[in-house]
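Survey of secondary and tertiary structure
Spelled out, the chains give:
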Amino acid sequence: MRGVRPATDRSTRGTSDSIEVGWLAGMLPERLAVRGLAVEVQVPDMISLGSPSSFTVIVYNRLPVPVEITLPTSRLWGWSVDGVPEADSRGYEPPSAERSFAFNRGQQRTFTATWDGRIRERGTDGDVWRTVRGKHTITGYLAVENWRERGLYSEKSVDVV
């Protein structure tokens, strides 16, 4: 049964950092827990082509109670450039093994990535890096099912010069 955990369940949930959230995290139904989460992406205003620039994706629990959600794969979060996942048009599908992920009340998790203004594509003689000068949209999201429809993403524009 999703969202509800018995009192005898483990007292530590989450990722390898073993954040203490207790059995209470599973008490709130997942459909409500997801509504309490928010995502923010922070990117620089400008990226110099070929020079990796860091950006962050922040996921936080706005609720005053711990929550636990189920992810369809081992992926916790992701990002894309103009809809191209991780700026790599070749695509990648993580293993489809469900995973639970918990947030303590008011907790935020920060994830960092870099982008250098290029998109990786499959070429006839190997991979090709296509430069993409101009204005682009970086999207950061929590990797739940239907993350876009559930509003668990954030988008920011960046100029690649």
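Note that the structure is a prediction, hence the values are computed from the model and not measured. (Residues numbered from 1 in each chain as written. Predicted model: local features only at pLDDT ≥ 70, side-chain atom pairs only at ≥ 80, totals over all residues. Heavy atoms only, no water.)

A short note on the overall build of the chain
Each helix and strand counted, the chain has 1 helix and 12 strands in total. Along the chain, helices (α) and strands (β) appear in the sequence α-β-β-β-β-β-β-β-β-β-β-β-β when read from the amino end. Residues classed as buried in the chain amount to 42% of the 161 residues present. Look at the contacts in the chain between residues 6 or more apart in sequence, and 68% of them connect residues 24 or more apart. (Helix = DSSP H or I, 4+ residues; strand = E, 2+ residues; numbered from the N terminus. Buried < 20%, exposed > 50% of the residue type's maximum accessible area, 1.4 Å probe, protein only. Contact = heavy atoms within 4.5 Å.)

Digging into the sheet that holds strand β11 (residues 134-142)
What the 5 strands build is an open sheet, ordered β2-β12-β11-β5-β6; its pairing is mixed. Taken across any chain shown, the strands that pair with only one partner, and hence form the sheet edges, are β2 (46-47) and β6 (84-85). For β11 and strand β12 (residues 153-160), the ladder comprises 8 bridges, and the chain directions are antiparallel. If you follow Lys-135 over to β12, its bridge partner there is Asp-159. (Pairing = 2+ DSSP bridges.)

What about the sheet that holds strand β3 (residues 53-61)?
If you walk across this open sheet you meet the 3 strands as β1-β3-β8, and the pairing is antiparallel. Since the sheet does not close on itself, it has two edges, and those belong to β1 (37-42) and β8 (108-115), each with one partner. The mean angle between the axes of side-by-side strands here comes to 20 degrees, regardless of whether they run parallel or antiparallel. Where β1 and β3 come together, 6 bridges link them in antiparallel fashion. Opposite Val-39, over in β3, you have Val-59 as the bridge partner. (Axes fitted to C-alpha atoms, helices over the stretch in contact; angles between N-to-C directions.)

A few points about the confidence of the model for the chain
Of the residues in the chain, 83% have a pLDDT of 70 or more, and the chain-wide mean is 81. Residue range residues 1-19 is modelled with pLDDT below 50. Its contacts to residues more than four positions away, or to other chains, number 35 contacts. (pLDDT = per-residue confidence, 0-100.)

Section: the layout of surface pockets
Rolled over the atoms, a probe as big as a water molecule pinpoints where empty space is left. In this structure, the largest pocket occupies an estimated 400 Å³ of space. Lining the largest pocket are 19 residues, with Arg-75, Pro-85, Glu-93, Tyr-141 and Trp-147 sitting closest to its centre. (1 Å grid on protein atoms, 1.4 Å probe; cavity = no way out; pocket = protein on both sides within 12 Å on 5 of 7 lines; lining within 4 Å. Points joined across faces, edges and corners; volume = space filled by probe spheres on them.)

Focus on the environment of Lys-135
Tracing the backbone through its elements, the reader meets Lys-135 in strand β11. Accessibility expressed as a relative area gives 57% for Lys-135, which makes it exposed. Looking at Lys-135, its side chain comes within polar contact range of the side chain of Asp-159, at 3.4 Å. (Polar contact = N/O pair within 3.5 Å; in protein donor to acceptor, adjacent residues only side chain to side chain.)

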